[in-house]
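# Fold and geometry: a report
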Amino acid sequence: MSQNPQETPVPAKTLLANLAANAYSDAWEAKKRGEKVGWCASNFPQELTTTLGVKVVYPENQAAAIAAKGGGLGHCEHAEGLGYSNDICAYARINLAFMDRQSCEEMNMPMPDFVLCCNNICNCMIKWYESISRELNIPFILLDVPYNSEFETDDDTLEYMWAQFQYAVKQLEEITGKKWSEKRFKEVRDISLRTSRAWLKAAGYCQCEPSPLNGFDLFNHMAVAVCARGTVEAAEAFEKLAEEYAQAAKEGASTYKGEQKFRILFEGIACWPYLRATSAPLKENGVNVTATVYATAFGFLYDDNPLSMMRAYTHVPNAISVERAARMRIDVGRRNKIDGAVIHNNRSCKLWSGIMPEIDRRIQAELKIPTVTFDGDQADPRNFSEEQYKTRIQALVEVMTENKKGKKQ
Amino acid sequence: MSGIEAKLQRFAAIADDLEGQLKKYTDQGVKVIGCMPVYTPQELVHAAGMLPLSIWGSEKYELIEAKKYFPAYISSLAQSCLELGLRGRLDRLAGVIIPVLSDALKCLSQNWKAGVPQVRHIQLVHPQNRRIEPGIVFLSKQYKKIAGVLEDIAGAPITPAGLKKAIHVFNEHRAVMREFTAVAADYPHLISPLARNAVIKSGGLMPRAEHARMVRELMAECRAEPKEPWKGRKVVLTGMLADSPSMLRILTDYKLAVAGDDVGQESRQFRTDVPDDPDPYRALALQWANIEGCSVAFDPERKRGRMVADLAARTGASGVIYLLTKFCDPEEFDYPIMKKEFDRAGLPSVLIEIDQQMRNYAQPRTAVQTFADMLG
């Protein structure tokens, strides 16, 4: 990255914040130029749009930002007024409210000319995007990722996905008038891979003792992994982040202020309306998050074979079997040396939460650690109780303290 | 008791006794494969010489064991299917096919593997890009894999000729059931909403050819009776499930007859035939491609609302009752757009939330009463 040595280096977190914002301003500018702009599912293979140079924005990302800025309730209630049940995912409700209002104070984004949907997150995503497509009368591009009940993804699935990817290329070429380039596709894959590696490397510093980062930082930085994975700037920013963590680890420094007495897995999507309320009780008790599968889900590793890229998109947390999902947590928990786990029983995410009790049992059995579950929601503020959360964290800390005493004896 | 009443009681007894039916056929030495909601290739089970048993949860058991696996906000349909398994009520099954057409069903499939290992889990993933060639090919391959598992369980091969014959049997059954819904609409004084559901539901719990014969006999007896003007109103039901006896009796109480339905457990099961194709596996995949207006089958056009409005117009229904299975998000997503379609068509509609764990029907009763009054 070019930087004048005379100037104070810009910290990675600033670079990342700017990049996340740029992804949206780029889309606005494209819209003003008369280009077609899409709304895109966060786990859709961004290699498609980046290769074609088509700008998209991410409703999930926007919904999280709206919720974090306190706009969740107003949007959810607006969607409920339109007839959407309050049982429906709050990201969907927030976005459908935004679609109806077409602007908001918390975080605006351009209206879509098409939608790109990928159900490796959930099938709720298909229903949500169907509503957008139908209400706005815009094209729907679907990359269907068959839910995998086995540990490995079979070739039939990968071939089906790759055929759809190629079909989606044609659809998007027709919609936008842009032309596909194999050369550019290769470049984008290389860059995306570089970004993913850097992101995973940065997150990997959670393994250090003490961890050079407050685990909640990952929730802030992940937006770039979602929105800009295929850009050199994102790769460079994450490489810088990794360098900073490496340096901090060497010095024993950390963005987590205070003594790190306990290390935990924070399981599930962040509780965006209550980031402070969910992080403060941890901090008060010397608990740092050193493991999460949510943030790192946006690091996709693959080789030159297109089927390998498709495979990477089948391994995201919500597209996999209970065996693989449990293994993912157990492995990161062991690697990142966790003392316990906090599990978000997230009312919005039926798929994530619907197999979590079983995963919880497997984590406890294999890692021999205590876990607590709290009720919350990724974006609807009505489904979280600060008191319950504090009590659960207290209970966890008590058991982790006893366990540490036991180990010392 | 009239012949019609006696026949309807027989259907009701079957519809009400999933476990009894399972015992009856397994006692006869028949291997039985459970088929979970919403769509399963039951023709494959039949072609392997086994009985496909449609399982749509149960109102009978309180959700106790399932709560160890599911949080409260998963639909009671998925939860009660698991509850049956966890309580050992389905141990006589030789296997269970669990399609993963919704997020709750994905969880059901995983929790089944974890909690009910004694009943072999057979995974079925329908492609959602179901109309493009890669989707059709993918599903044909899925069905071939499942056929392999079923052959293993049955200890008998599924031949192409056998599968084609099975498709014929099931298409015939579908045609009979379509005919039955028309007869039920013509004779509401003979076939109540509850009886109508029992006739349909029982079809998933016994051999289809035998069921088709029973339904034909019932229809013949109905047709021998004079048609009578219906003193109440006729409605169309839409939703995933409409088999709660308490709910259906409320319709009768307010003289609402069912003119037609768009219910997951009912007409959606038989309104789309398996088309002709030299390759029977491809034929089955094409049926999935041809399904229209179902909340769990990808449809960016959302034709369902128009289809239901058309059905109401065609059958002379004066309103629509949307029976929303609580926490069933595919159905919850469909509602707002459908409501707009109904309003545009000037078709009165009411939304009623139902749940297999529901014990108090005071709210639905009030809603139905108000709706019936409104229809006049």
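So, here is what we can say about the structure in this document. The shown structure was predicted, so the numbers you read here are calculated from the model rather than taken from an experiment.

### Some details on the interface of chain A and chain B
Taken residue by residue, the interface counts 49 residues in chain A and 52 residues in chain B. Regarding the contact of chain A and chain B, the summed buried area is about 4,200 Å², with carbon and sulfur atoms giving 57% of it. The largest share of the area that chain A buries against chain B comes from Lys127, Arg134 and Lys350 of chain A, three residues that together contribute 18% of it. At the boundary of chain A and chain B, one finds 10 salt bridges. Residue Lys113 of chain B pairs with Glu323 of chain A through a salt bridge whose shortest N-O separation is 2.8 Å. The tally of links between chain A and chain B comes to 32 residue pairs in polar contact (both at pLDDT 80 or more).

### Quick look at the pattern of salt bridges
Any two side chains of opposite charge can pair, on the condition that their charged atoms come close. For the structure on display, the rule yields 69 salt bridges over all chains. With its nearest N and O atoms 2.8 Å apart, the salt bridge here joins Arg196 of chain B to Glu266 of chain B. Here Arg196 of chain B is found in helix 8 (residues 193–202), whereas its partner Glu266 of chain B is found in the loop between strand 6 (256–263) and helix 11 (267–270), with 70 residues between them in sequence. Residues Arg196 of chain B and Glu266 of chain B agree in their burial class; the two are buried. In this structure, a network of salt bridges that share partners links the residues Lys127 and Glu130 of chain A together with Asp262, Arg268, Arg271, Arg302, Arg304, Glu331 and Asp334 of chain B.

### Some details on the side chain of Asp380 of chain A
Residues and elements named next belong to chain A. Among the structural elements, Asp380 can be located in the loop between strand 8 (371–376) and helix 16 (386–408). Judged by its relative accessible area of 3%, Asp380 falls in the buried class. Within the structure, Asp380 has its side chain in polar contact with the side chain of Arg382 (distance 2.9 Å).

### Here we look at the nonpolar core
Membership of the largest hydrophobic core comes to 244 residues, with the highest contact counts inside it found for Leu48, Tyr91, Phe165 and Tyr294 of chain A together with Trp112, Leu150 and Phe180 of chain B. Broken down by element, this core gets its largest block of residues, nine residues, from helix 1 (residues 12–32) of chain A. Among residues more than four places away in sequence, those in contact with Phe180 of chain B are Ile191, Arg196, Val199, Ile200, Val215, Leu218 and Met219 of chain B. Core analysis: the next-biggest nonpolar cluster, separate from the first, contains 21 residues, Leu237, Val368, Phe371 and Ala372 of chain B among them.

### Remarks on the packing of aromatic side chains
In this description, a pair of aromatic rings is defined by centroid distance and the angle of the planes. Taken as a whole and assessed by the stated rule, the structure comprises 25 aromatic pairs over all chains. On the numbers, 6.2 Å between centres and 70 degrees between planes, the contact of Phe219 of chain A with Trp272 of chain A is edge-to-face. You can see Phe219 of chain A sitting in helix 9 (residues 217–227) and its partner Trp272 of chain A sitting in the loop between strand 5 (262–267) and helix 11 (275–284), a full 53 residues away along the chain. Looking at Arg130 of chain B, its charged tip hangs above the ring of Trp288 of chain B, at a distance of 5.4 Å from the centre.

### Quick word on the environment of His78 of chain A
On the secondary structure map, His78 of chain A appears in helix 4 (residues 72–81). Measuring from C-alpha to C-alpha, the distance between His78 of chain A and Leu96 of chain A comes to 8.8 Å, with 18 residues separating the pair along the chain.

### What to know about the packing of helix 13 (residues 304–315) of chain B against helix 14 (residues 329–344) of chain B
All names here are of chain B. Look at helix 13 against helix 14: their axes get within 8 Å of each other, and the N-to-C directions meet at 55 degrees. With respect to helix 14, the element helix 13 is oriented oblique. Along this stretch, helix 13 crosses helix 14, giving a crossing that reads as right-handed. Residue-level inspection shows Arg304, Gly305, Arg306, Val308 and Ala309 of helix 13 in contact with helix 14, the latter providing Glu331, Asp334, Met338, Glu341 and Phe342. Its residues placed into classes, the contact of helix 13 with helix 14 shows four nonpolar, one polar and five charged.

### Describing the packing of helix 1 (residues 3–15) of chain B against helix 9 (residues 208–223) of chain B
Residue and element names in this part refer to chain B. Two elements in contact, helix 1 and helix 9, have axes whose closest approach is 9 Å; the angle formed by their N-to-C orientations is 150 degrees. In terms of axis orientation, helix 1 runs roughly antiparallel to helix 9. The chirality of how helix 1 crosses helix 9 is left-handed. Of helix 9, the residues touching helix 1 (which contributes Gly3, Ile4, Lys7, Leu8, Arg10, Phe11 and Ile14) are Glu210, His211, Met214, Val215, Glu217, Leu218, Glu221 and Cys222. Here the residues of the contact of helix 1 with helix 9 sort into eight nonpolar, two polar and five charged.

### Digging into unusual backbone geometry
Peptide bonds are trans in most cases, and residues, glycine excluded, mostly fall at negative phi. The omega torsion of the bond from Glu209 of chain A to Pro210 of chain A falls at -5 degrees, within 30 degrees of zero and hence cis. Along the polypeptide, Pro210 of chain A turns up in the loop between helix 8 (182–204) and helix 9. Going from Pro37 of chain B to Val38 of chain B, the amide bond is cis rather than trans, its omega being 5 degrees. Considering the arrangement of structural elements, one finds Val38 of chain B in the loop between strand 1 (32–35) and helix 3 (42–47). Phi angles above zero are rare outside glycine, and Lys337 of chain A is one such case at about 50 degrees. Tracing the backbone shows Lys337 of chain A in the loop between helix 13 (322–335) and strand 7 (340–346). Residue Lys337 of chain A is classed as partly exposed on the basis of its relative accessible area, which comes to 36%. One non-glycine residue with positive phi stands out, namely Arg302 of chain B, at about 50 degrees. Its location among the elements puts Arg302 of chain B in the loop between helix 12 (280–290) and helix 13.

What counts, and at which threshold
- Residues numbered from 1 in each chain as written.
- Chains lettered and ligands numbered in written order.
- Predicted model: local features only at pLDDT ≥ 70, side-chain atom pairs only at ≥ 80, totals over all residues.
- Heavy atoms only, no water.
- Contact = heavy atoms within 4.5 Å.
- Buried area = accessible area lost by both parts, 1.4 Å probe.
- Salt bridge = Lys/Arg side-chain N within 4 Å of Asp/Glu carboxyl O.
- Polar contact = N/O pair within 3.5 Å; in protein donor to acceptor, adjacent residues only side chain to side chain.
- Helix = DSSP H or I, 4+ residues; strand = E, 2+ residues; numbered from the N terminus.
- Buried < 20%, exposed > 50% of the residue type's maximum accessible area, 1.4 Å probe, protein only.
- Core = buried A, V, L, I, M, F, W, Y, C linked by side-chain atoms within 4.5 Å.
- Phe/Tyr/Trp six-rings, centres within 6.5 Å; stacked < 30°, edge-to-face > 60°.
- Lys NZ or Arg CZ within 6 Å of the ring centre and 35° of its normal.
- Axes fitted to C-alpha atoms, helices over the stretch in contact; angles between N-to-C directions.
- Parallel < 35°, antiparallel > 145°, perpendicular 65-115°, else oblique.
- Left-handed = near helix turned anticlockwise from the far one by under 90°.
- Nonpolar A, V, L, I, M, F, W, Y, C, P; charged D, E, K, R; others polar.

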